[in-house]
Amino acid sequence: MKTEELKELKETLYNQCVEFVNKRLQTVENTIESNKRALLSETKSSAGDKHETGRAMLQLEMEKAGQQLEGIRLMKETLAKIDIQKESEVSCLGSVIKTNLGVYFLSISAGQIKLSNNVYFAVSVSSPIGKLLLGKTMGESFSFNGKNIRIERIY
């Protein structure tokens, strides 16, 4: 791949990760809004215990959504640290790493990204595979889930 194509690839992968985070944010915000409406419309009925259980369940959902919002905030922070123009011989945040078993984008845990018949895996540097990829150089090998993985290229 030419340098220009590699930069375009990195930019596309980065944008896919941003889109992933924005979709997650929208889903969580919709859940919070829905739960707020449900809490407000929840009226005291003759079945007091049922009412209290419903409110408690909604409160738990709100707490869970709050934790998800924190996770999204952390993902946004991580993405903000990525310099897609940076080239490095050593794998770091923002690196695209081609191995004998797949191509990884060290960024956030966004999972599988398909681009023009190619599959890439967006992984966090704090994920098990991300920790192993971080700081590696071309030609290095390591073992993950019983498989030997060799780094073929970093860009």
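Chemist: Explain the pairing of strand E2 (residues 102-107) to me, using residue names and the numbers behind them.
Modeler: The buried count for E2 comes to 6 of 6 residues, which makes it a mostly enclosed element. Residues Gly 102, Tyr 104 and Leu 106 line one face of E2 and the alternating positions Val 103, Phe 105 and Ser 107 line the opposite face, and both faces are buried. Pairing geometry for strand E1 (residues 96-99) and E2, over 4 bridges, is antiparallel. Bridge pairing in E2 places Ile 97 opposite Tyr 104. Alignment of E2 against strand E4 (residues 118-124), held across 5 bridges, turns out to be parallel. Note that in E4 the partner of Phe 105 across the bridge is Ala 122.

Chemist: So what about the pairing of strand E6 (residues 147-154)? Which residues, and what values?
Modeler: Looking along a regular strand, one sees side chains alternate from face to face of the sheet. The pairing of E1 with E6 spans 3 bridges and is classified as antiparallel. Its bridge partner lying in E6, Lys 98 is registered against Arg 153. Bridging between strand E5 (residues 141-144) and E6 involves 4 bridges; their strand directions are antiparallel. The residue of E6 that forms the bridge with Ser 141 is Arg 150. Here E5 folds back onto E6, and the loop between the two strands holds 2 residues, one of which, Asn 145, carries a positive phi near 50 degrees.

Quick notes on the rules
Residues numbered from 1 in each chain as written. Predicted model: local features only at pLDDT ≥ 70, side-chain atom pairs only at ≥ 80, totals over all residues. Heavy atoms only, no water. Buried < 20%, exposed > 50% of the residue type's maximum accessible area, 1.4 Å probe, protein only. Helix = DSSP H or I, 4+ residues; strand = E, 2+ residues; numbered from the N terminus. Pairing = 2+ DSSP bridges.

What is shown is where atoms sit, not what they do.
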